[in-house]
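Report on the structure
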Amino acid sequence: MEHTDNGSKVLTSINLGFGRISEITMAALFAGALLLSPANIVAQSAAPPGQATPPPMDIKGKTASQYYKNVKVLKDIPAIDIHPAMEYIMVGLGVGCAYCHDVRHFDNDDKPQKKTARNMIQMTFALNSTIFDNQLRVTCFTCHRGQPLPSASPVLSPEKGPEGLAPAGTYASVVVPGIALSSSMAPEKASASATTAPAGAPAVAKAPPVALPSVDEIFAKYTQALGSAEALAKASTIVQKGTVEMALPPAPGTPPGPPTIGHPAAESDRKAPDKVLLTIDLPGKPSKEGYDGSTSWLQAAFSRENTGGEKAVAQEGAEFIPGLKFRDNHSRLKADSIEKVGDREAYRVSGFRSDGSGFDRVYFDTQTGLLVRTVTYMNSVLGSFPIENDFEDYRPVSGIQIPYTNRFISPEGNRIFKWEQVQVNAPVDDAIFVRPPQPPPPPPPPAK
Ligand code: HEC
Ligand code: HEC
């Protein structure tokens, strides 16, 4: 919310129910160390050197160029969409923020990679606006495939949406004025073949040989499998304690190095209908990711609010009983295939988000009826990437089935939560879900 929070421009991370902070690891790896000087904060503000720090600027309603200092191509997009776009670039190229940025001065253009990236953004927009009729068809990932230097033979993404769309094609694209190639280069109606899956890719859209149940039947079975209507109605909090297997960032004050896999203690607190707090006991300082029903936030070595596509993902993940309200906030629902999830068979249900920002999927065990997987997409103006949550090892607690294992799979890093203690209806204070107050902005640096 404030423009002054320390680290808000260093760390971007998705804040999901069982989210991740791997970006801390990524940033530490590439930055050498996560050092934030007060200069960083001021470099991000609009204050000329030597003048008093301006009052915190509210990001809401601002364009990127009104809020940030040196955004030239993405200048007209909402400022809240900059961080999701940067997160997308990070995943698309498989690099950390420091690959392009001096993380103490994000506005600085010293690194050649940043200049190349700006040209690449322009090129990508030019391709989409000229060749692909303003649809977001070509993205950084299309060529880069998670590598900073792409292979010479790019392949388009084979992933198809519920109505044959590639994920990127379902999101609004940004049209940047004045960037276009000759429209004589636009394909007539040939784009369908350009987006077909390469040979060998699974044919996801094929009709299964067996008849699928209706969407209503699948959700009725899920609700029934979860527990008695009475137990479900009575449940207002779920507290889970256990451990998480994940890549650990180097502890503060230790020299930078590759991340190591560890099993820190973790706690998840949920309150109906949509409050969540995830705490991970990282070496040095616990990390917290919270959603209080309106603000999505992250507080680790750094703190920031999640905005744009990151917030949408956080809201999905904050649902008290995952997937239960999928029908309410999605439209054009379809039970469209049977797929293997781990060693189980599952019905896949796809639906478009009510706000038009893309589609999501939920998977239900064909035998038990329970939710085994959700797939959602982090959307940005440059493209989107999928995030998967798997639910395993359901056991009854106070009359409700609760998964004791959660696998969180994302291009930014995976986490496996194993819960040991689970309580339903333990008292949970609303205050824990609210973003902690941020320290006041530091004094400005001396003029150069
Ligand atoms: C591959 C290069 C690249 C990577 C990696 C990258 N960025 Fe950027 N970033 C850019 C470019 C290019 C711009 C300017 C875009 C423009 O001019 O429209 C930018 C602009 C920004 C700005 C606006 C700065 C200002 O005040 O003008 C912020 C903040 C930012 N990036 C944060 C991040 C964060 C956080 C990460 C890591 C998650 C990151 N970036 C990763 C290339 C990159
Ligand atoms: C049409 C294919 C294509 C697309 C789309 C594309 N790139 Fe590239 N990019 C390349 C190629 C090819 C190179 C390597 C050029 C070379 O070898 O000098 C490259 C190089 C780069 C580099 C320099 C890497 C280095 O270490 O020198 C950056 C940074 C980069 N791209 C960022 C992006 C970003 C960000 C996007 C999305 C906005 C993007 N690219 C989209 C093809 C593409």
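Residues numbered from 1 in each chain as written. Chains lettered and ligands numbered in written order. Predicted model: local features only at pLDDT ≥ 70, side-chain atom pairs only at ≥ 80, totals over all residues.

Looking at the site of ligand 2
- The immediate surroundings of ligand 2 are formed by 18 residues, with T116, A117, M120, C140 and C143 found nearest.
- Those elements that provide at least two residues to the shell around ligand 2 are α4 (82-93), α5 (112-130) and α6 (140-144).
- Broken down by element, the residue count for the shell around ligand 2 peaks at six residues, all from α5. (Near = placed C-beta within 6 Å. Helix = DSSP H or I, 4+ residues; strand = E, 2+ residues; numbered from the N terminus.)

Describing the site of ligand 1
- Around ligand 1, the structure places 28 residues, and the nearest of them are Y68, N70, V73, C97 and C100.
- Every element with two or more residues in the shell around ligand 1 is listed here: α4 and α5.
- A per-element tally of the shell around ligand 1 places α4 first, with six residues.
- Its residues placed into classes, the shell around ligand 1 shows 16 nonpolar, five polar and seven charged. (Nonpolar A, V, L, I, M, F, W, Y, C, P; charged D, E, K, R; others polar.)

Focus: α4
- In this model, α4 (twelve residues) spans 17 Å end to end at C-alpha, consistent with the 16 Å of a helix rising 1.5 Å per residue.
- Of all twelve residues in α4, twelve are buried; the element is thus mostly enclosed.
- Two residues or fewer after α4 comes G94, characterised by a positive phi angle close to 65 degrees. (Expected span 1.5 Å × (residues − 1). Buried ≥ 20, exposed ≤ 12 C-beta atoms within 10 Å, placed from the backbone.)

Overview of the packing of α4 against helix α10 (residues 308-317)
- Running from N to C, α4 and α10 point in directions that differ by 85 degrees, and their axes come no closer than 5 Å. By the angle between their axes, α4 is roughly perpendicular relative to α10. Counting all contacts with α4, which are made through H83, P84 and E87, the residues of α10 involved are G308, G309 and E310.
- Of the residues contributing to the contact of α4 with α10, the split by class is one nonpolar, three polar and two charged. (Axes fitted to C-alpha atoms, helices over the stretch in contact; angles between N-to-C directions. Parallel < 35°, antiparallel > 145°, perpendicular 65-115°, else oblique. Contact = placed C-beta atoms within 7 Å.)

Things to note about the pairing of strand β7 (residues 303-306)
- Where strand β6 (residues 296-299) lies against β7, four bridges are found, and the strand directions are antiparallel. Bridging across to β7, L298 finds its partner in R304.
- The antiparallel pairing of β6 with β7 creates a hairpin that spans three residues between the two strands. (Pairing = 2+ DSSP bridges.)

Remarks on unusual backbone geometry
- Going from A272 to P273, the amide bond is cis rather than trans, its omega being 0 degrees.
- Despite not being glycine, R332 shows a phi value in the positive range, around 50 degrees.
- Its place among the elements puts R332 in strand β8 (residues 330-341).
- On the basis of neighbour counts, which here come to 10 C-beta atoms within 10 Å, the residue R332 falls in the exposed class.

A short note on the confidence of the model for the protein chain
- Mean pLDDT over the protein chain stands at 78; residues scoring 70 or higher make up 72%.
- Note on residues 1-53: pLDDT under 50 across the span, and 167 contacts to partners over four residues away in sequence or across chains. (pLDDT = per-residue confidence, 0-100.)

Considerations on α5
- In a regular helix each residue adds 1.5 Å, so 19 residues correspond to 27 Å; α5 covers 27 Å between its end C-alpha atoms and thus fits that length.
- Every buried residue of α5 is listed here: A117, I121, T124, F125, N128 and S129. In a view along the axis of α5, the buried residues occupy a sector of 120 degrees, so they form one face of it. The exposed residues of α5 that point more than 90 degrees off its buried face are P112, K115, T116 and N119. (Arc of directions from axis to C-beta.)

Here's the deal with the pairing of strand β1 (residues 237-248)
- When β1 meets strand β3 (residues 265-271), the two strands line up antiparallel, connected through seven bridges. If you follow T243 over to β3, its bridge partner there is A265.
- Where β1 and strand β14 (residues 415-424) come together, eight bridges link them in antiparallel fashion. Bridging across to β14, V244 finds its partner in F417.
- Bridge count between β1 and strand β2 (residues 260-262): three bridges; the pairing is antiparallel. For A247, the partnering residue across the bridge sits in β2 and is I261.

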